[in-house]
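Structural features, examined
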Amino acid sequence: MARKRSDTLRKRHRTLIARGHPPCAICHQPIDYTIPYPDPDSFVVDHKTPFAHGGKDTLDNKQPAHNRCNRVKSDRLEQPELRQHYTNRTW
Ligand SMILES: [Zn+2]
């Protein structure tokens, strides 16, 4: 039940963020909102503070981003365990 409500909220936020076609909040380049996901240049909703870092599923914690920009950011912020795993390795 809660999950269903949350998905609806997410869709509403996505629509609100896409309205006015703002540029990417990460690289500041325009986003082509006609490109379908999961194209690297497609529009995605980025969380300013990721869930893993205590970010909330609220509109103020969301911003528009390119799929590729969001992915680069995720690699840096959202997978500390994975990174640690790799950096612990002796090359
Ligand atoms: Zn971007």
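In this report, the structure presented in the accompanying data block is examined. Just so it is clear, the model here is predicted, and its values are computed rather than measured.

So, about the overall build of the protein chain. Broken down by element type, the protein chain carries three helices and two strands. The secondary structure elements of the protein chain, listed N-terminal to C-terminal, are α-β-β-α-α. Split into buried and exposed, the 91 residues of the protein chain put 13% on the buried side. Within the protein chain, contacts between residues separated by at least 24 positions form 57% of all contacts whose residues are at least 6 apart in sequence.

Moving on, we get to the nonpolar core. Judged by nonpolar contacts, Cys24, Ile31, Phe43, Ala65 and Cys69 together constitute the single largest core of five residues. Dropping the residues within four chain positions of it, Cys69 is found in contact with Cys24, Ile26 and Cys27.

Let us now look at unusual backbone geometry. Residues other than glycine predominantly adopt negative phi, and peptide bonds predominantly adopt the trans conformation. Residue Pro38 is reached from Tyr37 by a cis peptide bond, and omega for that bond is 10 degrees. Inspection of the secondary structure assignment puts Pro38 in the loop between α1 (2–18) and β1 (43–47). If you check the backbone angles, His21 has positive phi at about 45 degrees while not being a glycine. Considering the arrangement of structural elements, one finds His21 in the loop between α1 and β1.

Position of Pro22 relative to the elements: it lies in the loop between α1 and β1. The partly exposed category is assigned to Pro22, around which 14 C-beta atoms lie within 10 Å. For the pair formed by Pro22 and Tyr33, sequence separation is eleven residues and the distance between their alpha carbons is 9.5 Å.

Turning next to the environment of Arg19. Counting through the fold element by element, Arg19 comes out in the loop between α1 and β1. Judged by local crowding, Arg19 falls into the exposed class, with 9 C-beta atoms found within 10 Å. Counting along the chain gives 14 residues from Arg19 to Tyr33, while the straight-line C-alpha distance between them is 9.9 Å.

So, how was this worked out
Residues numbered from 1 in each chain as written. Predicted model: local features only at pLDDT ≥ 70, side-chain atom pairs only at ≥ 80, totals over all residues. Helix = DSSP H or I, 4+ residues; strand = E, 2+ residues; numbered from the N terminus. Buried ≥ 20, exposed ≤ 12 C-beta atoms within 10 Å, placed from the backbone. Contact = placed C-beta atoms within 7 Å. Core = buried A, V, L, I, M, F, W, Y, C linked by C-beta atoms within 7 Å.

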